[in-house]
Amino acid sequence: MTVEADGFEFTTETVILYDSSSAGPVARLLAEQLRPATGFSLPVREATSQFSNAIVFRISEGGSSEEEEYSLCVTEGQGVVVAQNAAGLFYGAQTLRQLLPPEIFSRSRVDRDWRIPGVTIRDFPRFGWRGMHLDVSRYFIPKNDVLRFIDTIASLKFNRFHWHLTDDQGWRIEIKKYPRLTEVGAWRKETLIGPGGGNPAEFVYDGIPHGGFYTQDEIREVVQYAAERCITV
């Protein structure tokens with residue numbers, strides 16, 4: 001990383017540009033991610049030879065043996081992310097978000113300036129497999145919260161999501177051929193809250209029924225949502 005003299009400020013006039021079909025989804029997702037906190041509906045379109053007040057995503061063939069590498073150059077009037085594939089562009093976009101004030105991760109509008117310091121960054125991961133685990137078998141987590149979890153780990157450049165869907169405390173995935181897996185296996189009458197140990201006579205339960213499961217369509221939605229953020233489930 002090299003710190004530069006000038007920086008870039010997002011305004012309502014900023015545009016997000018991309019130079020190829022594979023870069024387009026990353027550009028559109030960045031605009032979507034920036035909208036809640038800034039309140040800006042930034043236009044996203046194909047890049048032309050001339051541009052200013054823009055964030056630009058470019059695919060560059062070859063040039064690196066690191067599959068997820070990207071470069072990010074922020075100067076006055078523009079920020080340019082270059083990578084050899086969409087994954088590299090996505091990670092560059094997440095670094096760009098992290099360079100903004102921390103309020104950029106707010107889910108509601110914040111009235112402030114949105115400035116990125118001038119910087120040149122070349123980055124690639126030390127580890128190809130960067131995994132995060134979520135156990136929804138022992139305690140069910142609704143689909144929308146799973147999507148928020150994916151948003152969070154994607155912003156930190158994780159690329160694997162271990163979704164723990166079945167265990168003896170609950171079966172969480174719909175199998176249409178075996179409906180009792182979710183009719184019965186997805187629910188329990190109460191949850192152990194303490195103490196543990198080896199004597200069941202001392203176990204204490206909360207007396208609250210608990211359960212839930214994901215339909216096959218919901219599973220597909222989560223897998224697609226993760227894939228759009230370069231995460232394999």
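Everything below is about the structure shown above.
Residues numbered from 1 in each chain as written. Predicted model: local features only at pLDDT ≥ 70, side-chain atom pairs only at ≥ 80, totals over all residues. Heavy atoms only, no water.

In this section: the overall build of the chain. Assigned secondary structure in the chain consists of five helices and 17 strands. Computed over the C-alpha atoms, the radius of gyration of the chain is 22 Å, more than 25% above the 17 Å expected from 2.2 N^0.38 for a compact globule of 233 residues. Expressed along its principal axes, the backbone C-alpha trace of the chain runs to roughly 70 × 40 × 30 Å. Looking at the chain residue by residue over its 233 residues, the buried ones come to 40%. Taking the contacts inside the chain whose residues are at least 6 apart along the sequence as the reference set, 70% of them involve residues at least 24 apart. Only carbon and sulfur atoms are counted for the fraction: they give 52% of the accessible area of the chain, which is about 12900 Å². Treating the 25 positive side-chain charges of the chain as one cloud and the 31 negative ones as another, the clouds have centres 4 Å apart. (Helix = DSSP H or I, 4+ residues; strand = E, 2+ residues; numbered from the N terminus. Rg over C-alpha atoms; globule rule 2.2 N^0.38 Å. Buried < 20%, exposed > 50% of the residue type's maximum accessible area, 1.4 Å probe, protein only. Contact = heavy atoms within 4.5 Å. Areas by Shrake-Rupley, 256 points an atom, 1.4 Å probe, with all protein chains shown as cover. Lys, Arg positive; Asp, Glu negative; His and termini not counted. Charge placed at Lys NZ, Arg CZ, Asp CG, Glu CD.)

Let us look at the pattern of salt bridges. Following the criterion strictly, the structure yields 11 salt bridges and no others. Between Glu-103 and Arg-112 there is a salt bridge, with the nearest N and O atoms lying 3.3 Å from each other. Residues Arg-229 and Glu-228 are paired through a salt bridge, measuring 3.5 Å at the closest nitrogen-oxygen approach. Relative accessible area serves as the criterion here: at 45%, Glu-228 is assigned to the partly exposed category. Each of Glu-32, Asp-151, Glu-228 and Arg-229 takes part in a single network of salt bridges with overlapping partners. (Salt bridge = Lys/Arg side-chain N within 4 Å of Asp/Glu carboxyl O.)

Inspection of the sheet shows strand E10 (residues 131-135) paired to strand E11 (residues 160-164) by five bridges, in the parallel sense. Along E11, the bridge assignment pairs Gly-131 with Arg-160. Tracing the backbone out of E10, into helix H3 (residues 143-155) and back to the parallel element E11 gives a crossover that is right-handed. (Pairing = 2+ DSSP bridges. Right-handed = clockwise from strand over helix to strand, strands pointing away.)

Once that is clear, we can look at the layout of surface pockets. Computed from the structure, the largest pocket encloses a volume of approximately 420 Å³. Contributing to the lining of the largest pocket are 14 residues, with Gln-33, Arg-97, Phe-105, Arg-107 and Asp-151 lying nearest its centre. Secondary structure elements with two or more residues in the lining of the largest pocket: helix H1 (24-38) and H3. Ranked by the residues each element gives to the lining of the largest pocket, the list is headed by H3, at four residues. Looking at the lining of the largest pocket residue by residue, the classes come out as four nonpolar, four polar and six charged. (1 Å grid on protein atoms, 1.4 Å probe; cavity = no way out; pocket = protein on both sides within 12 Å on 5 of 7 lines; lining within 4 Å. Points joined across faces, edges and corners; volume = space filled by probe spheres on them. Nonpolar A, V, L, I, M, F, W, Y, C, P; charged D, E, K, R; others polar.)

A general trend in soluble globular proteins is that nonpolar side chains are found buried together. With 52 residues, the main nonpolar core has Phe-10, Phe-57, Phe-161 and Trp-163 as its most contacted residues. It is H1 that provides the largest number of residues to this core, a total of seven residues. Residue contacts for Trp-163: discarding those within four places in its chain leaves Leu-134, Val-136, Val-146, Tyr-214, Ile-219, Val-222 and Val-233. Within the second largest apolar cluster, five residues are counted, among which are Val-15, Leu-17, Ala-54 and Val-56. (Core = buried A, V, L, I, M, F, W, Y, C linked by side-chain atoms within 4.5 Å.)

The next thing to look at is the packing of aromatic side chains. Under the defined criterion, the tally for this structure stands at six aromatic pairs. Ring centres of Phe-149 and Phe-161 lie 5.6 Å apart, and the angle between their planes is 45°; this geometry places the pair in the tilted category. Of this pair, Phe-149 sits in helix H3 while Phe-161 sits in strand E11, and the two are 12 residues apart along the sequence. Given the relative accessible area of 3%, Phe-161 is considered buried. Measuring from centroid to centroid gives 5.8 Å for Phe-161 and Trp-163, while their planes differ by 25°, and the two rings are stacked. (Phe/Tyr/Trp six-rings, centres within 6.5 Å; stacked < 30°, edge-to-face > 60°.)

With that settled, the discussion passes to unusual backbone geometry. Of note, the bond from Gly-194 into Pro-195 is cis; its omega dihedral lies within 30 degrees of zero at -15°. Turning to its location among the elements, Pro-195 is positioned in the loop between strand E15 (192-194) and strand E16 (204-205). With a phi angle near 70°, Lys-157 is a residue other than glycine that sits in the positive phi range. The topology assignment puts Lys-157 in the loop between H3 and E11.

Here strand E3 (residues 15-18) shows a buried face lined by Val-15 and Leu-17 and a second buried face lined by Ile-16 and Tyr-18. Note that E3 and strand E5 (residues 54-59) share four bridges and pair parallel. Its bridge partner lying in E5, Tyr-18 is registered against Phe-57. The sheet contact formed by E3 and strand E4 (residues 44-46) spans three bridges and is parallel. Along E4, the bridge assignment pairs Leu-17 with Arg-45. The β-α-β motif built from E3, the intervening H1 and the parallel element E4 has right-handed crossover chirality.

So far we have only geometry, and geometry alone does not tell us how the molecule works.
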